[in-house]
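Architecture and fold: a report
The residues making up each chain are set out below.
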Amino acid sequence: MNTITQHLQDVYDRIADAARHAGREPHETDLLAVSKTKPATDVAAAWAAGQRRFGENYVQEAVDKITALKKTCPDIEWHLIGPLQSNKSRPVAEHFDWVQTVDRLKIAQRLNDQRPPHMRPLNVCLQINVSGEASKSGLSPTEAEALAEQVAALPRLCLRGLMAIPEATDNSDTLRAQLLELKQLFDRMQKKHPQLDTLSMGMSNDLELAVACGSTLVRVGTAIFGSRNP
Ligand SMILES: *Cc1c(COP(=O)(O)O)cnc(C)c1O
């Protein structure tokens, strides 16, 4: 077994164990393999091991990989999980399956207008700033509920859920409180928007806690592909 295959198996096992401990079903939380800064060959290795959903942060780097892997790994589902500037929205609308970092109407409208007619509607998550840090991108819960109404009305987008990058903290009580607040917001919004099925939270270091707090999609890079050069 190669290293990536072994690491992937370890992460699938961690998710399943965390789910069992939390009284959830392992299949309720899926894995997004975060391949930013890693070569297309690493993505292909993970794909060969059965992984299908991948996350990227940088638009041009991602478009290069998406193009390179189109033939050999045709059924990859690509998620943008990095910040999106409106002048880069076109290649995103033309190449990605999901954008998890929608945080304003202008971006949503551009993605909607630029999504090519032959492609399926673009899946989107609203990015939430759950810790309320001024330095962070993302919406407050109140803003998210308002933007959800507007995004749900755009025909070329499909509103799927919420994503968050919680405050970096060693205090697991603080982190748990933030993750549970997100879960509550998600449940509340799901009542109005029953199509919401994705709560994207949890990374390499905190996926167990995220699964326990209701995550349906953990985003894991380092634990699969190794550490990244800055
Ligand atoms: C890089 C990144 C991840 C993966 O982080 P790891 O600690 O390497 O697992 C998850 N989510 C986002 C938004 C990221 O930018």
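Residues numbered from 1 in each chain as written. Predicted model: local features only at pLDDT ≥ 70, side-chain atom pairs only at ≥ 80, totals over all residues. Heavy atoms only, no water.

A closer look at the site of the ligand
Taken together, V34, K36, N57, I81, I165, M203, S204, R219, V220, G221, T222 and R228 form the complete shell of residues around the ligand. A distance of 2.7 Å separates an oxygen atom of the ligand from a polar atom in the side chain of N57. Between the ligand and the protein, one listed contact pairs an oxygen atom with a backbone N or O atom of G221 at 2.8 Å. Protein coverage of the free-state accessible area of the ligand, which is 390 Å², stands at 88%. At a threshold of 2 Å from the grid points, most atoms of the ligand map onto the largest pocket. Counted by class, the shell around the ligand contains five nonpolar, four polar and three charged residues. (Near = heavy atom within 4 Å. Polar contact = N/O pair within 3.5 Å; in protein donor to acceptor, adjacent residues only side chain to side chain. Areas by Shrake-Rupley, 256 points an atom, 1.4 Å probe, with all protein chains shown as cover. 1 Å grid on protein atoms, 1.4 Å probe; cavity = no way out; pocket = protein on both sides within 12 Å on 5 of 7 lines; lining within 4 Å. Sits in = over half its atoms within 2 Å of the grid points. Nonpolar A, V, L, I, M, F, W, Y, C, P; charged D, E, K, R; others polar.)

So, the packing of aromatic side chains
For any two aromatic rings, the description comes down to two numbers: the centre-to-centre distance and the angle of the planes. This model, assessed by the stated rule, comprises one aromatic pair. Ring centres of F54 and W78 lie 5.9 Å apart, and the angle between their planes is 40°; on these two criteria the pair is classed as tilted. With a gap of 24 residues between them, F54 in strand β2 (residues 53-56) and W78 in strand β3 (residues 77-80) connect regions that are remote in the sequence. (Phe/Tyr/Trp six-rings, centres within 6.5 Å; stacked < 30°, edge-to-face > 60°. Helix = DSSP H or I, 4+ residues; strand = E, 2+ residues; numbered from the N terminus.)

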